[in-house]
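# Fold and geometry: a report
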Amino acid sequence: MLLNQPLKQKLLELLSPEQVLTDELDLKFYSYDSSFHAKLNRFFPEAVVFPRSTQEVSAVMRLAYEHNISVTPRGAGTGETCGCVAVQGGIIMDLSPWDTIEEVDVANMQVFVRPGVVHANLNTHLEKYGLFFPPDPGSSRMCTVGGMVSNNSSGLRAVKYGTTEQYILGLEVVLPNGDVIITGGQNSRAIKNVSGMNLTKLFVGAEGTLGVITKIRLRVWPKPKGRGLAMAVFDNLEEAPQAVLDVYRGGILPSGIEILDDSAIKAINMYKPEINLPNAEAILLFEVDGNPAGVEWEGQQIKEIVSRRAIKVEWATEPERIKSLWQGRSVVATAAARIRPDGSRIFAGEDISVPLNKVTECLRRIKKMAKEYGVAVVNYGHIGDGNVHTAPVINLDNQAEVEQVKKLTDAIHRLAIELGGATTGEHGVGAVRACYATAEHGEALKVMHRIKHTLDPTGIMNPGKLLPPEGDDYSA
Amino acid sequence: MLSQLKQLEDVKDQFQKCVRCGLCRSVCPIFKEDRRETTAPRGKVFLTQMLSSGEIEPGSKVSDKLSMCLLCESCSSECPSGIEVHKLVILARSMVSEKCPSLTNQLIFKKIWTKPQLLNRCVGLLRAGQSFGLLNIGYKMGFLPKSSGLLGQLPGRPARYALPETFPAITKQRARVGYFLGCATNYMFPEVAYSTVKVLSYLGCEVVIPKNTNCCGLPQMANGELATGQQLAAHNLEIFSQAEVEALICDCASCSATLSHSRDGDLPVYDAVSYIMQQLQPDFENRRKINKAITYHDPCHLAKAQKITTQPRQLLQMLPGIEYREMPGAGDCCGGAGTFVIKNFDMSMRILDRKIANIKDTGAELVATCCPTCTMQLSYGLSRHGLNVEVAHPLELLAESLGL
Ligand SMILES: Cc1cc2nc3c(=O)[nH]c(=O)nc-3n(C[C@H](O)[C@H](O)[C@H](O)COP(=O)(O)OP(=O)(O)OC[C@H]3O[C@@H](n4cnc5c(N)ncnc54)[C@H](O)[C@@H]3O)c2cc1C
Ligand code: SF4
Ligand code: SF4
């Protein structure tokens, strides 16, 4: 049901005027996230609300539930899948301004935060206590912890530290009917807890389709004191994934292993010539962290192991040098566009995950497909866990290119499934990858639908995301 | 280049290149306060895109949205896709002002601010109004904006009257340079102008200060009168080219940013502090001591627009007797941004309050900065918070230390 004037008035009774937007121009600004899908299409909400308490969230949900209005939770809008965009209209609930770090419980190694806290700000705050929240998405400076929990985000250091889900001890969630629950034990501060069903994990990665997360109990870790980085240069792409396996076999678990292929190297050098990466088929970056002596030892081991395949390996522990070696990796996501003067980088088909022993084949086939479809791409990613990021660079004004890139990204997603991988390693499904759910999950999809139906019987919670409409079968 | 900006249509590739990554949300001082996508730099890219494509019409709502920008360049200097958001805002303001002209804007920025003699008279009237307490009454009765307190007490005589057209080098001549006297320095801080000229002269520069220069052009560009601003900048640059100087020096960050980004000839434009530190390298031995704890505020138009951050700090740290204290968030905007504070006083004060808290944290007795509008804003904020902290240009301190 669409929001009519009396309902908008009701929203204003629940919240203060500054917490509600209904002006047509204001609403336009909430029609996008970072996805290509939102570049091609416009999805306008009918209202945007900014609640600042669990009670306010609950009151809005109750109203929406009574009147059958869709609600789409939103963090910083850095998702790549249209997840936080109101594809079926209704209310957008922007939680990003609600960014209080409520408590750092140092004695129990956990923190309590509201959903809008920006990841980098949380870690800056935790630094004072010698702690950190390890998952580290490339969007650290902008994305919210609520968004990270909902997308089960991860990043460069997932190899060693895993994904967001490993750190969520409990959640406060407002259900679609306005009821409030606390998962992980309502008064619990325990770290280990197997009591009851694991509802926490149900909401992590649910992309806002089961409820609104209003408070997060996060496990934090001591911040390692030492850090080092090895940069290895390869003149043959095949050697790079092999070198990664060699390092694992050598008994070393780096905190992150990143790959840049020749297209990524070119893009970075065009963006910032001073970074001056060597021309090569691939560059691997191995990050090691821990106690300084251990870091040095592991770094030397990596250097020795990787030198057997690489043409050059540099090991650095000085912060300035590490920063400059990392610089390329940290800018590549958006610097990709530089490979074509008239090109724009788009976020589509950008996040597949494949088994480690299929990474080389995957990269080769993506390059080949891109050539066939006539689309320029830049490849990089978290090779340590098989997560490949492909950045297509196209001229958005050229309709033929837009059509070709749609075909390419579909082929990339299908390649991931064919290789025994997943259509998304960390960015999520949102409105753009639900169509692959049947092929990926088979019968399990029916159970997902049943869970959704139980918690959200009227389907108001972020509709059109994560799951394909019931009964649809896109697998063909 | 500011001089090449014409219309939004010409930069439409920027709209497509914006990947909407949102990185700019993390640095925008206005977004930090407002927290809505409608004020985020990413939102401004989208707004200008809609404006350019005709999806929305220029009007007061659009104009209000566009006014929520300090042109501080924090976003542009961070954007990995190379989007110059501030330039999109300048172009969009120009488009709105063309399609829906504002008579007040035209009167102030096109008619008065382009004619030095008229501007002089207006400032004279303002000064008289201040002396007779009329401004205070006007403010109290609500005729004048809340920001009128920012002016402080206007000095008696603009610097223009006291400066000769050529000021000789008082030590062995090493260079012949032009000095650009900006409006705010001229009317509000003549002492800064005298310090700059004296220091340059002491360090071996013959300083040329042509009488017929005009406003640098930034207030016009920032307020929708782009072509007028560009003409002013070009006029100023032409005058200095004809004066056959080796370099053009400005002690106002906004003027040096505008002129250096508008020049298409060979004449280099320098911020005064960086010119002095790089080219003239003063020695600090046996100089007068300035026994003060000092911190530094980076003007956006110096740090972000011109990437100058180290030289002012070097200068301050070399001054004898000074205890230098770096402030947290030294590079954060102070919220002044020329005319922004007049149009958006409340937002400006919210941004300023953060800055003042950071200054307070350092416990410094003096804040140095290289921009007269920052100086006005900081002085106002410090007195609003009852803090007894001075604000000065680094060259005033250098002049004092050199005994000039
Ligand atoms: C340049 C760039 C680099 C990136 N790098 C990475 C990376 O390395 N790793 C990675 O995993 N991701 C990455 N991302 C993707 C994105 O940043 C993450 O998915 C991030 O966690 C999204 O957070 P957000 O606050 O922007 O959420 P949004 O995009 O606003 O929302 C994401 C989803 O979460 C839901 N949601 C948000 N808040 C709540 C809440 N409180 N309750 C319930 N549901 C909610 C929304 O409905 C939506 O479905 C990157 C994105 C960009 C633009
Ligand atoms: S302007 Fe730049 S930083 Fe901001 S969203 Fe666009 S690409 Fe990202
Ligand atoms: S120029 Fe400054 S105020 Fe304007 S959008 Fe960019 S960061 Fe915000």
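Anything mentioned here points back to the structure above.
Now for a description of the structure that goes with this document. (Residues numbered from 1 in each chain as written. Chains lettered and ligands numbered in written order. Predicted model: local features only at pLDDT ≥ 70, side-chain atom pairs only at ≥ 80, totals over all residues. Heavy atoms only, no water.)

## With respect to the site of ligand 1
The condition is simple: Throughout, the term near means that a residue has one or more heavy atoms lying within 4 Å of the molecule or strand in question. Distance and chemistry together define a polar contact, namely a pair of N or O atoms within 3.5 Å, with one atom able to donate a hydrogen and the other to accept it when in protein, and with adjacent residues in sequence counting only for side-chain atoms on both sides. Computed by Shrake-Rupley with a 1.4 Å probe, the accessible areas treat only the displayed protein chains as cover when residues are assessed. Runs of H or I in DSSP of at least four residues are treated as helices and runs of E of at least two as strands, each being numbered from the N terminus. Ten residues, namely Ala, Val, Leu, Ile, Met, Phe, Trp, Tyr, Cys and Pro, are considered nonpolar, four, namely Asp, Glu, Lys and Arg, are considered charged, and the remaining ones, Gly among them, are considered polar.
In the vicinity of ligand 1 lie 34 residues, with Pro73, Thr78, Ser139, Thr144 and Ser154 of chain A positioned nearest. Mapping the residues near ligand 1 onto chains gives chains A and B. Take glycine 79 of chain A: an N or O atom from its main chain is 2.8 Å from an oxygen atom of ligand 1. Here an oxygen atom of ligand 1 sits 2.8 Å away from a polar atom, N or O, in the main chain of glycine 138 of chain A. Protein contacts shield 97% of the accessible area of ligand 1, which totals 970 Å² for the unbound molecule. Of all elements in the fold, only β3 (71-74), α6 (145-151) and β10 (212-219) of chain A reach the threshold of two or more residues within the shell around ligand 1. In terms of residue count, the dominant contributor to the shell around ligand 1 is α6 of chain A (five residues). Looking at side-chain class alone, the shell around ligand 1 contains 11 nonpolar, 19 polar and four charged residues.

## Points about the nonpolar core
Applied cut-off: For the purposes of this section, nonpolar cores are sets of buried Ala, Val, Leu, Ile, Met, Phe, Trp, Tyr and Cys residues that join through side-chain atoms within 4.5 Å. The rule is simple: take the accessible area with a 1.4 Å probe, protein chains only, and divide by the maximum for that residue type; under 20% is buried, over 50% is exposed, in between is partly exposed. Working rule for contacts: check all heavy atoms of both residues, and any pair within 4.5 Å makes them a contact.
Leu163, Val177, Leu200, Tyr275, Leu397 and Leu398 of chain B are the most contacted members of the largest nonpolar core, which totals 74 residues. Setting aside chain neighbours within four positions, we find leucine 200 of chain B in contact with Val177, Cys205, Val207, Ile249, Tyr275, Ile276 and Leu280 of chain B. Of all hydrophobic cores here, the second largest spans 62 residues; its members include Leu21 of chain A together with Leu2, Val208 and Val245 of chain B.

## Some details on the sheet that holds β10 of chain A
Residues and elements named next belong to chain A. Selection rule: In this scheme, strands are said to pair when DSSP sees at least two bridges between them. To get an axis, fit a line to the C-alpha atoms, keeping to the stretch in contact for a helix; angles then go from 0 to 180 degrees between the N-to-C directions.
In spatial order, the strands read β5-β6-β10-β8-β9; together these five strands make up an open sheet with antiparallel pairing. At either margin of the open sheet sits one strand with a lone partner, and together these are β5 (101-105) and β9 (180-182). Sheet twist, expressed as the average angle between the axes of neighbouring strands with direction ignored, equals 10°. Examined bridge by bridge, strand β8 (residues 168-174) and β9 share three bridges and lie antiparallel to one another. Following the sheet pairing, valine 173 is matched in β9 by isoleucine 181. The strands touched by helix α4 (residues 54-67) are β8, β9 and β10; relative to β8, the strand with the most contacts, the crossing angle is about 50°. Of the strands in this sheet, β5, β6 (110-113) and β10 are in contact with helix α5 (residues 119-127), which crosses β5 at around 40°.

## Brief notes about the packing of aromatic side chains
Let me state the cut-off plainly: The criterion for an aromatic pair is that two Phe, Tyr or Trp rings (for Trp, the six-membered ring) have centres within 6.5 Å, with stacked assigned to planes under 30 degrees apart, edge-to-face to planes over 60 apart and tilted to the rest. Lysine NZ or arginine CZ positioned within 6 Å of the ring centre and within 35 degrees of the ring normal marks a charge as sitting over the ring.
In this structure the tally under the stated criterion is 11 aromatic pairs over all chains. Ring geometry for phenylalanine 345 of chain B and tyrosine 380 of chain B: centres 6.2 Å apart, planes at 65°, overall edge-to-face. With a gap of 35 residues between them, phenylalanine 345 of chain B in helix α20 (residues 345-362) and tyrosine 380 of chain B in helix α21 (residues 372-384) connect regions that are remote in the sequence. According to the relative accessible area criterion, phenylalanine 345 of chain B is buried, its value standing at 11%. One aromatic cluster in this structure is built from Phe132, Phe133, Tyr161, Tyr167 and Trp221 of chain A. A cation over a ring is seen here: lysine 28 of chain A above phenylalanine 44 of chain A, with NZ or CZ 4.8 Å from the ring centre. One cation-aromatic arrangement involves arginine 20 of chain B over tyrosine 32 of chain A; the distance from NZ or CZ to the ring centre is 4.7 Å.

## Let's talk about the sheet that holds strand β3 (residues 205-208) of chain B
All names here are of chain B. Overall, mixed pairing links the five strands, which are arranged β1-β3-β2-β4-β5 in an open sheet. The open sheet is flanked by β1 (166-167) and β5 (269-271), the only strands paired with a single partner. Both strand β2 (residues 175-180) and β3 contribute to a ladder of four bridges, which runs parallel. Looking at the pairing, arginine 176 lines up with glutamate 206 of β3. Relative to β3, helix α12 (residues 190-202) is tilted by about 140°, and along the sheet it contacts β1, β2, β3 and β4 (247-250).

## Thoughts on the site of ligand 3
All names here are of chain B. As a matter of local geometry, ligand 3 sits amid Cys28, Pro29, Pro41, Lys44, Cys69, Leu70, Leu71, Cys72, Glu73, Ser74 and Cys75. Counting residues per element, the ones that place at least two in the shell around ligand 3 are α3 (41-53) and α5 (74-78). The class makeup of the residues in the shell around ligand 3 is eight nonpolar, one polar and two charged.

## Some words on the pattern of salt bridges
All names here are of chain A. Under the convention used in this document: Salt-bridge detection follows one rule: a side-chain nitrogen of Lys or Arg within 4 Å of a carboxyl oxygen of Asp or Glu.
Under the counting rule described, the total for this entry stands at 51 salt bridges over all chains. Between arginine 364 and glutamate 238 there is a salt bridge, with the nearest N and O atoms lying 2.6 Å from each other. Here arginine 364 is found in helix α13 (residues 359-373), whereas its partner glutamate 238 is found in the loop between β12 (226-234) and α9 (239-249), with 126 residues between them in sequence. Judged by its relative accessible area of 33%, arginine 364 is partly exposed.

What is shown is where atoms sit, not what they do.
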